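Overview (structure and organization)
Given next are the chains, with one letter for each unit.
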Amino acid sequence: MEMIQSKAVVSIFLLSISLILPFTQATDVKYCNGKTDYDVKVKGVEISPNPVVRGKPATFSISATTGDAISGGKLVIDVAYFGWHIHSETHDLCEETSCPVSDGEFIVSHSQVLPGFTPPGSYSLKMKMKDGKSHELTCIEFDFSIGFASPVADS
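Residues numbered from 1 in each chain as written. Predicted model: local features only at pLDDT ≥ 70, side-chain atom pairs only at ≥ 80, totals over all residues. Heavy atoms only, no water.

The name an unreviewed UniProt entry assigns to the protein chain is MD-2-related lipid-recognition domain-containing protein, from the organism Manihot esculenta. Under the heading Subunit (unreviewed entry), UniProt records this for the protein chain: "Monomer." Looking at the Sequence similarities (unreviewed entry) heading of the UniProt record, one finds this comment for the protein chain: "Belongs to the NPC2 family." (UniProt positions renumbered as here; feature names shortened; annotations may be inferred.)

Shown next, in the form of structure tokens:
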């Protein structure tokens, strides 16, 4: 009987992991210039949900490390759709993470609801992190998808 219960617990655990993973998969990240030794090293990006659902909140969490404290700055984001530049925005770094950022590991997290009319498909995002003096601390690029699910179906 104990063996059956153990198998049931393991099965439930594996099922729950398989249901959660598609929503929080890590995304492949590359530096804008592979030859530059950026002050901020990006360890990874998680997008939740993945793919992004139009009309629903999406969170982009970027885990990074720095050797020096960062007192402030900005994030400059450019988005392209199938290679065509479609959107730019700038955010205060301290609104996306706790400032001052101490040396070591930190996370930059941005949540946003994409409009229901956003076309589904493949997008690429380029993010530059700059300090208060506009010195580029890092620059990364990664791809993400917006699913074909309709936000109207959930209403």
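1. Things to note about the nonpolar core
Core analysis: the largest hydrophobic core is formed by 27 residues, its most contacted members being Val52, Phe106, Met127, Met129, Phe142 and Phe144. Among the secondary structure elements, those contributing two or more residues to this core are β3 (40-48), β4 (57-66), β5 (73-81), β7 (104-113), β8 (121-131) and β9 (136-146). Among the elements that line this core, the one with the most residues is β9, at five residues. With sequence-adjacent residues up to four places away left out, Phe144 is seen in contact with Ile47, Val52, Phe60, Val79, Gly121, Ser122, Tyr123, Ser124 and Leu125. (Core = buried A, V, L, I, M, F, W, Y, C linked by side-chain atoms within 4.5 Å. Buried < 20%, exposed > 50% of the residue type's maximum accessible area, 1.4 Å probe, protein only. Helix = DSSP H or I, 4+ residues; strand = E, 2+ residues; numbered from the N terminus. Contact = heavy atoms within 4.5 Å.)

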